[in-house]
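# Fold and geometry: a report
Listed below are the residues making up each chain.
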Amino acid sequence: MHWQRLGIGAFALTSVCVLGLLCDLTEWASYSQHLPSRVTQHFLLADSPKPIAISKNSPLMTTTDPSRRAKAAIAVLAQNSDLQAVLLSMQRMEQRFNGKYQYPYVFLNDEEFDTEFRDRTSASTQSRTLYGLIPEEHWRLPEWLGQEQFDAARHHMQHAGVLYGAKASYHFMCRFFSGFFHKHPLLQEFDYYWRMEPDVHYYCDLDYDPFVFMEDQGIQYGFVITVLELPNTIPSLWNTTKAFVQKHAQQLPQENMMKFVTSSSGQDYNLCHFWSNFEIGSFKFLRSKQYQAYFEHLDQANGFFLERWGDAPVHSLAAAMLLNKSQVHHFQDIGYRHNSFTHCPARLRNNCACDAMKSVDFHTPSFGVCHKRWTEFVNS
């Protein structure tokens, strides 16, 4: 199984175009090279700031008390076969952030980690390293769903071209991150987590502590990339979510972020979601009664297996329902790449080794849709 290398945002192979059509990412990249320069410049510059760095000592740069630490960890879902890719991520994480702050790493696997994985990862950091096995009941079909139903659904998704719809392990991963990740025994001592995938890049120095920043500001969820979800992976997710809202309307906060994820009429999901292979989050949010009730509602609908619901839209819709915009933060100053998608800061740049003009938040019109929508939403 290679579920961890796929990433929850693995739809980087395809993207949703402005006109609502699905097109191949590689085809778009090739095509965009031949766009007239004035069109390219419109999308690169009109909706986003030019990449002019602000001074490192500017008051606009985020700062935190360097002596403080939060109860937080870097969480990694990986297998033994991912060792080299995990070491690359750790090297970049240590260089840019954790070498200074020394937060512990928590490695989780649906199989036991071998001695080589433990020895080499622990030797790559001065921080504490913990290794955990995912409970079997968190990595299998729910008791009410039969194997034959799941196999038939995967067969259908394969023929329908649903990205990773035929991969059983991918379904288990999405359900685990949606409903069980925050329950793992090794994570109970922590209040915050930074999710790290194998073989990801961190392009900029981080001279402040995002966990302490979130704690001070009351932030529950942080992201760097927001993009459109593939609609054929979640055909019934929105209707299932609306049913939950109607059932629990009295328990949901009136001040929320539903305008960010819905159409102008407020009736349809616009497919924008936070790309969860990078997320810095509060366990308080995921462990809340409201979030757990939402997950259990979704789980009973079987969409994690009969469709290919990902944890990214699940986390995003939950945040939209349960949090307000002051509780969600776009970490614009963290440079990041996973697979083909890159976020590179345009102005808040601290020794960044990336090209801001190639950042997904404004590099192409289709990828820029959700970033622009987020900016408009938080400024409204």
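Residues numbered from 1 in each chain as written. Predicted model: local features only at pLDDT ≥ 70, side-chain atom pairs only at ≥ 80, totals over all residues. Heavy atoms only, no water.

Overall, the coordinates contain 45 aromatic pairs when judged by the stated rule. Seen from their ring centres, W194 and Y202 are 5.8 Å apart, and the 85° between their planes marks the pair as edge-to-face. Both residues of the pair, W194 and Y202, count as buried. Three or more aromatic residues link up through ring pairs in this structure, and these residues are W139, F150, F172, F176, F177, F181, Y193, F283 and F305. Across from the ring centre of F177, 3.6 Å away, lies the NZ or CZ of R195, which sits over that ring. Above the face of the F377 ring, K325 is positioned so that its terminal group lies 5.5 Å from the ring centre. (Phe/Tyr/Trp six-rings, centres within 6.5 Å; stacked < 30°, edge-to-face > 60°. Buried < 20%, exposed > 50% of the residue type's maximum accessible area, 1.4 Å probe, protein only. Lys NZ or Arg CZ within 6 Å of the ring centre and 35° of its normal.)

Before going further, it helps to spend a moment on the sheet that holds strand β14 (residues 341–343). Taken together, the three strands give an open sheet; going across it, the order is β7-β13-β14, and neighbouring strands pair in antiparallel fashion. Of all the strands in the sheet, just β7 (201–202) and β14 have a single pairing partner and so form its edges. Bridge count for β7 against strand β13 (residues 336–338) is two bridges, and the pairing is antiparallel. Its bridge partner being in β13, H201 is matched across the sheet by R337. (Pairing = 2+ DSSP bridges. Helix = DSSP H or I, 4+ residues; strand = E, 2+ residues; numbered from the N terminus.)

This brings us to the state of the cysteines. For the structure shown, the criterion picks out three disulfides. Across a sulfur-sulfur distance of 2.0 Å, C204 and C352 are joined as a disulfide pair. Between C204 and C352, the S-S dihedral sits near 115°, and the bridge is therefore right-handed. Placement of C204 in the loop between β7 and α8 (210–217) and of C352 in the loop between β14 and α15 (365–379) is noted, with a sequence separation of 148 residues between them. Given a relative accessible area of 5%, C204 falls into the buried group. Through a disulfide, C344 is tied to C354; the S-S separation comes to 2.1 Å. Between C344 and C354 the sulfur-sulfur dihedral comes to about 85°; the bridge is accordingly right-handed. Residue C344 is located in the loop between β14 and α15, and its partner C354 is located in the loop between β14 and α15; the two are separated by 10 residues in the primary sequence. Here the two residues C344 and C354 agree in accessibility, since each one is buried. (Disulfide = S-S within 2.5 Å.)

Now for the environment of N379. Residue position: N379 is located in helix α15. Taking the relative accessible area as the measure of exposure, N379 reaches 61% and is therefore exposed. The sequence separation of N379 and K325 amounts to 54 residues, and the corresponding C-alpha distance is 9.7 Å.

Between two packed helices, the angle of one axis relative to the other and the distance separating the axes together describe the packing. Between helix α12 (residues 289–300) and helix α14 (residues 311–322), the least distance of the axes is 11 Å, while the angle of their chain directions is 135°. Classified by the angle between their axes, α12 and α14 sit oblique to one another. Our pair here, α12 against α14, has a crossing hand that is right-handed. Across the interface between the two elements, Q290, Y291, Y294 and L298 of α12 pack against V314, H315, L317, A318, M321 and L322 of α14. (Axes fitted to C-alpha atoms, helices over the stretch in contact; angles between N-to-C directions. Parallel < 35°, antiparallel > 145°, perpendicular 65-115°, else oblique. Left-handed = near helix turned anticlockwise from the far one by under 90°. Contact = heavy atoms within 4.5 Å.)

Strand order in the open sheet formed by seven strands is β5-β4-β3-β6-β11-β8-β12, and the pairing between neighbours is mixed. For this open sheet the edge positions go to β5 (129–133) and β12 (328–330), each flanked by a neighbour on one side alone. Taking the axes of each pair of neighbouring strands and ignoring which way they run, one obtains an average angle of 25° across the sheet. Across two bridges, the pairing between strand β8 (residues 221–223) and strand β11 (residues 280–282) is antiparallel. Residue pairing in the sheet places Y221 in a bridge with G281 of β11.

Along helix α9 (residues 237–247), the residues that are buried comprise L237, W238, T240, T241 and F244. Here the buried residues of α9 occupy an arc of 160° about the axis, which is enough to place them on one side. Those residues of α9 that are exposed and aimed more than 90 degrees away from the buried face are N239, Q246 and K247. Of the surrounding elements, those touching the buried residues of α9 are α10 (258–261), α12 and α14. (Arc of directions from axis to C-beta.)

Moving on, we get to the pattern of salt bridges. The final tally for this structure, using the stated rule, is 13 salt bridges. Close ionic contact of D216 with R68 constitutes a salt bridge, the shortest N to O distance being 2.7 Å. Highlighted residues: D216 in helix α8 and R68 in the loop between α3 (37–46) and β3 (72–77), separated in sequence by 148 residues. Ionic pairing is found between D199 and R92, a salt bridge with its closest N-O pair at 3.0 Å. Note that D199 is positioned in the loop between β6 (192–195) and β7 and R92 in helix α4 (residues 83–101), a separation of 107 residues in sequence. Given the relative accessible area of 17%, R92 is considered buried. One network of salt bridges, in which partners are shared, links R68, E215 and D216. (Salt bridge = Lys/Arg side-chain N within 4 Å of Asp/Glu carboxyl O.)

Spatial relationships are all this shows, so hold off on functional conclusions.
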